[in-house]
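# Examining the three-dimensional arrangement
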Amino acid sequence: MLAVTANWGLTDGSLGGPGPASASGWLDSLRAAVVRAGWGPTGRYRPVERLTIVLAGDSFDLLLSERWAGRARPWHGGRHAREARLGVTARAVAGARRPIAKLCRWVRHGLAVPAADVRGRPVDTIRSRVEVEVVALVGDRDGDLASAAGGPTWRGLHVGSAWCDDRHAIRHGQEFDPIRFRECGIASHRDAQPTLAESVVVDLIVPFALMLRRTSAGWEQVRQTMTALAAADVVDLVPLVAKLIAGSAAVGHSAVVTAWRRAIDGWVAAVRRDPPGHEARFDAPIELAAWFATAAGPGPTGQVPAAIQWLAAAPPPAVPGQISIFGHLPAAATGTVLGLGGEAPLLLVQPRRHGPLEIVDLGSRPRESAIVRVGARAAGRDIVDAA
């Protein structure tokens, strides 16, 4: 059985991010999917024998942190910046120690699921052990994840940039996003050029969050929005900020508007000092700054300018005979190219090697229907057959 999920976005907790309890809940949903996969097409239950879990990037968000309020930046070289990156990574990993420990237990001891009786029915009083392999892929927001792999917390978990077999190819896929693509990694001894996405989070959203946190009133409500802002594509930032401003009675409408405008001014100054990289053939930061400002009114915010739409991620062409799965790309799919990006983490499940795929929305409440068979249309979904 193959299970692929992405974009958990666990942070060091200083400015937002889903709590570790959310990750534990997502693992519970994964276990439920494994039990459900034991039911075969004949209606008989037999536990799956082996489970491969691929965390397809951005399991952590190491950009949304108060640590970047100073002079250090994630893309800087040198000892000071490296220590800052490792510090943010260590705090984020420490906060998620329980879900990580659960994954490690599954790898060492197997995942306990109900055994089957002679008539092919699950028996809750007898347990079967499913062999588990876990692979964590590096994304654009957790590029230092590999630095934590040497510690005992990660024993048994594999860290890399891609996972493939003879039928599937899984990557995070930031190379297909014009504001997140970086040709090479960050050297430890010299500064790198930030991506446009990194610049937006670290030099715009982080200062904005810090200004609002100082007001204290209504911070918990604002904190949830910061989590969404840090994970959102640039095309979604203006509606999110406009919604925050419209519902900012607890914080104060004028305080949020002022903070947002000051954050934009600070970001414009930052991109002049430290120009971000992107693949646009126009001055993307200036275009973005003008559009970001519309969130504070009084101008319209409904229509996304064509230049901003150009900055959206686009899937690559399909590879014959292969199912390509990208953690970063939007959840809409074409042919054999699937994406797991979206407002909440998704879980893609293939119970049997050549069987159909299912998408489980990990952000849905348990009482809601959160399972969609890939190949079937459902309200609000755009997933097509990939098997």
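These numbers come from a predicted model, not from an experiment.

Our focus in this paragraph is the overall build of the protein chain. When helices and strands are counted, the protein chain shows nine helices and 12 strands. Considering only intrachain contacts with a sequence separation of at least 6, the fraction spanning at least 24 residues in the protein chain is 66%. When the accessible surface of the protein chain is summed, it comes to about 17,900 Å², and 52% of that surface belongs to carbon and sulfur atoms.

At their nearest, the axes of helix H5 (residues 219-231) and helix H6 (residues 237-246) sit 10 Å apart, and the two run at 175 degrees to each other. As far as their axial angle goes, H6 and H5 are roughly antiparallel. Mapping the contact onto sequence places Val222, Thr225, Met226, Ala228 and Leu229 in H5 and Leu237, Leu240, Val241 and Leu244 in H6. Of the residues contributing to the contact of H5 with H6, the split by class is eight nonpolar, one polar and no charged.

Bringing the confidence of the model for the protein chain into the picture now. Chain-level pLDDT for the protein chain is 84 on average; 87% of the residues reach the 70-or-more range. Per-element averaging of pLDDT across the protein chain places strand E12 (residues 371-373) at the bottom with 46 and strand E1 (residues 2-5) at the top with 96. Ignoring residues within four places in sequence, the model shows residues 365-373, a span with pLDDT below 50, making 16 contacts including any to other chains. Considering only residues more than four positions removed or in separate chains, one finds that residues 375-387, a stretch of pLDDT under 50, has 32 contacts.

Our next topic: helix H3 (residues 97-109). End to end, H3 covers 18 Å across 13 residues, agreeing with the expected 18 Å (1.5 Å per residue, within 8%). Taken residue by residue, H3 has Pro99, Ile100, Lys102, Leu103, Cys104 and Trp106 as its buried positions. Residues of H3 that are buried make contact with helix H1 (20-37), strand E2 (50-56), helix H2 (79-95), strand E3 (111-116) and strand E4 (122-137).

On to the pattern of salt bridges, then. Evaluation of the coordinates by the stated rule reveals 15 salt bridges. Residue Arg73 is joined to Asp203 by a salt bridge in which the shortest nitrogen-to-oxygen separation is 2.9 Å. Of this pair, Arg73 sits in the loop between E2 and H2 while Asp203 is found in helix H4 (residues 196-213), placing the two residues 130 residues apart along the sequence. Given the relative accessible area of 13%, Arg73 is considered buried. Taken together, the shared-partner salt bridges in this structure form one network comprising Asp140, Asp177, Arg180 and Asp233.

This part takes up the sheet that holds strand E7 (residues 168-171). The strand order across the open sheet built from four strands is E6-E7-E8-E9, with neighbouring strands paired in mixed fashion. The open sheet has two edge strands with one neighbour each: strand E6 (162-164) and strand E9 (337-341). Averaged over neighbouring strand pairs, the angle between their axes works out to 20 degrees when direction is ignored. With four bridges connecting them, E7 and strand E8 (residues 323-330) associate as parallel partners. By the bridge assignment, Ala169 is partnered in E8 with Ser324.

This next bit is on the pairing of E2. Looking along a regular strand, one sees the side chains alternate between the two faces of the sheet. Of all seven residues making up E2, six are buried, and the element is well covered by its neighbours. Judged from the four bridges that link them, E1 and E2 form a sheet pairing that is parallel. When the sheet's bridge partners are listed, Leu2 is paired in E2 with Thr52. Since E1 and E2 lie parallel, the crossover through H1 that links them has a hand, and here it is right-handed. Both E2 and E4 contribute to a ladder of seven bridges, which runs parallel. Following the sheet pairing, Ile53 is matched in E4 by Val134.

Rules and cut-offs
Residues numbered from 1 in each chain as written. Predicted model: local features only at pLDDT ≥ 70, side-chain atom pairs only at ≥ 80, totals over all residues. Heavy atoms only, no water. Helix = DSSP H or I, 4+ residues; strand = E, 2+ residues; numbered from the N terminus. Contact = heavy atoms within 4.5 Å. Areas by Shrake-Rupley, 256 points an atom, 1.4 Å probe, with all protein chains shown as cover. Axes fitted to C-alpha atoms, helices over the stretch in contact; angles between N-to-C directions. Parallel < 35°, antiparallel > 145°, perpendicular 65-115°, else oblique. Nonpolar A, V, L, I, M, F, W, Y, C, P; charged D, E, K, R; others polar. pLDDT = per-residue confidence, 0-100. Expected span 1.5 Å × (residues − 1). Buried < 20%, exposed > 50% of the residue type's maximum accessible area, 1.4 Å probe, protein only. Salt bridge = Lys/Arg side-chain N within 4 Å of Asp/Glu carboxyl O. Pairing = 2+ DSSP bridges. Right-handed = clockwise from strand over helix to strand, strands pointing away.

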